[in-house]
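# Descriptive structure summary
Residues per chain, in single letters:
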Amino acid sequence: MSVWATVDHLLDRAEDPAALRAHGVQLLAARRWRATGRPVPAALLADERSAAIATLAVPVLLARVRAALNGPIVLLKGPEVAARYPDPALRPLGDLDLLVPDAPAAERVLRAAGFEPAEGEQTAARQPHQPPLRWPTSPLRVELHHTLPVPAWCRPPPADQVLAAAVPAAIGDGILTLPPAAHALLLAGHAWVHYGPRPRLRDLVDVAVMTDGLDPAEMADLARTWDLPRVWQATAGAVAALCCSLDPSSTPWRRWVTPVPVIRERTVAQEHLMRWLGAFWAPSPRAVPRAVVLTVGRDLRPLPGEAWSTKLPRMGQTVRSALAPGSRPNRSG
Amino acid sequence: MSYSVPEHIHFREVHDELMLLDAQNDAYFALNATGAVVWSVLASGRPLEDAAAGVAARYAVTPERAEADVAAVVDELVGRGLLNRLDR
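As the structure is a computational prediction, the values presented were derived from the model and not from experiment.

All names here are of chain A. When helix 3 (residues 26-35) is considered as a whole, its buried residues turn out to be Gln26, Leu27, Leu28, Ala29, Ala30 and Arg32. As for helix 3, its buried residues are in contact with helix 1 (3-12), helix 2 (17-22) and helix 4 (42-68). Of the residues one or two after helix 3, Gly37 is the one with positive phi, at around 80 degrees.

Set out below in structure tokens:
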């Protein structure tokens, strides 16, 4: 059974558009429900329109960035993964993640070229990228990265090695991307940063499409060089289960990471807990304490430039909304 | 009378609607089902009469009504630069 057949099976059993959005599969659901004669809610129709516009906007925005910046530009995640979907507009897209040699300098150049700071996104300050930018008439943001967005406790290759090993991207003239194996590892690591051992369904689909045809042993070797062997083993096991080709002897998978039986939105508390638990998948027992400190500290510390007088009320709001759906607005941590 | 799609106009179908991007002006447009039918017929190089016939059939309206509706849609599409009118 392919990943798409399993996803369709899960979508057939789904009911809640909010949960579908939380798992990043609302566009796949809209297509599936329409194909099977099931009514598509107006909210999902609106999502489809937005996704079509975002897909149209990608090459235009990439061209604008390419025209402004010199040097290599490596497209991470997003459109590069979407290109491997049956239709790129089936994968939600909000921004272009770009790895460049000097992200702060690139930000200055783009702002001089007419890009403006994107609104909102307090938590963007924690991310391994510059504050997001937006071209005034584009629906997409641009996030300039100076390192790969994976757990702080692992060892991805440094940016100069990533840039040197980059390959032509599927879209965008003069745009590069990661080789598939590195990209799959990036997707797994990035999902782990946000969701720990309970990735979203879309994260598993992304890894599945990116690893199609790749050698599992080579993936495991690469994961070891990134200090992500256990994260990769858990993710690969979940992906294998999604594709119904799982190895039942894979203990870590069986214990901790299960396929998504029902598409359900997590609560705020669950999101935090999963994110913190993810640190226990650090490469060795000795690495776990540092990983926990980095992971939990990331959430408990104030944002860069933020005072405790602002952070503490936000923490209180998060505690009070612990049982609320993770997608509910006005919750912050 | 025939029409063509300018090179800087990109589009994607969404169910029975059409999303259009004018990459030159960074402007986005959404065509409803009727507009999508008209634009698609004309963009494929077929004449205005075919577009009117398509609308008449789809919505069970008289040919005269369809021609008037299509003419209004076409004027707006051309006016916004989403179609080029090639000859008169």
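Past the structure itself, the notes keep going.
Residues and elements named next belong to chain A. Interaxial distance between helix 3 and helix 4 falls to 9 Å at its minimum, and their mutual angle equals 115 degrees. Crossing geometry of helix 3 relative to helix 4 is assigned as left-handed. Residues Gln26, Leu27, Ala29 and Ala30 of helix 3 touch helix 4, and the partners they reach there are Leu44, Asp47, Glu48 and Ala51.

Okay, the nonpolar core next. Core analysis: the largest hydrophobic core is formed by 112 residues, its most contacted members being Leu61, Leu98, Val142, Leu185, Ala188 and Val239 of chain A together with Val38 of chain B. With eleven residues, the single largest contributor to this core is helix 4 of chain A. Sequence-distant contacts of Leu61 of chain A, that is, excluding residues within four places in its chain, are made with Leu96, Trp135, Ser138, Leu140 and Val142 of chain A.

Moving on to the pairing of strand 3 (residues 17-22) of chain B. All names here are of chain B. Here strand 2 (residues 9-14) runs beside strand 3; their pairing, made up of six bridges, is antiparallel. By the bridge assignment, Phe11 is partnered in strand 3 with Leu20. By the bridge criterion, five bridges tie strand 3 to strand 4 (residues 27-31) in an arrangement that is antiparallel. Bridge assignment links Leu18 to a residue of strand 4, and that residue is Leu31. Here strand 3 hands over to strand 4 after four residues, with Asp26 in that stretch at a positive phi of 55 degrees.

Looking now at the interface of chain B and chain A. Listed per partner, the contact involves ten residues of chain B and 13 residues of chain A. Mapped by element, the contributors of at least two residues to the side of chain B that touches chain A are strand 2, strand 3 and strand 4 of chain B. Considering each element in turn, the side of chain B that touches chain A owes the most residues, three residues, to strand 2 of chain B.

Looking now at the confidence of the model for chain A. Parts of the model with low pLDDT should not have their predicted coordinates read in detail. Residues and elements named next belong to chain A. For chain A, per-residue confidence averages 87 on the pLDDT scale, and 89% of positions sit at 70 or higher. Within chain A, strand 7 (residues 176-177) carries the highest mean pLDDT (98), whereas helix 12 (residues 251-256) carries the lowest (42). When the criterion is pLDDT under 50, residues 245-259 qualifies, and its contacts beyond four places in sequence or with other chains add up to 25 contacts.

Calculation criteria
- Residues numbered from 1 in each chain as written.
- Chains lettered and ligands numbered in written order.
- Predicted model: local features only at pLDDT ≥ 70, side-chain atom pairs only at ≥ 80, totals over all residues.
- Buried ≥ 20, exposed ≤ 12 C-beta atoms within 10 Å, placed from the backbone.
- Helix = DSSP H or I, 4+ residues; strand = E, 2+ residues; numbered from the N terminus.
- Contact = placed C-beta atoms within 7 Å.
- Axes fitted to C-alpha atoms, helices over the stretch in contact; angles between N-to-C directions.
- Left-handed = near helix turned anticlockwise from the far one by under 90°.
- Core = buried A, V, L, I, M, F, W, Y, C linked by C-beta atoms within 7 Å.
- Pairing = 2+ DSSP bridges.
- pLDDT = per-residue confidence, 0-100.

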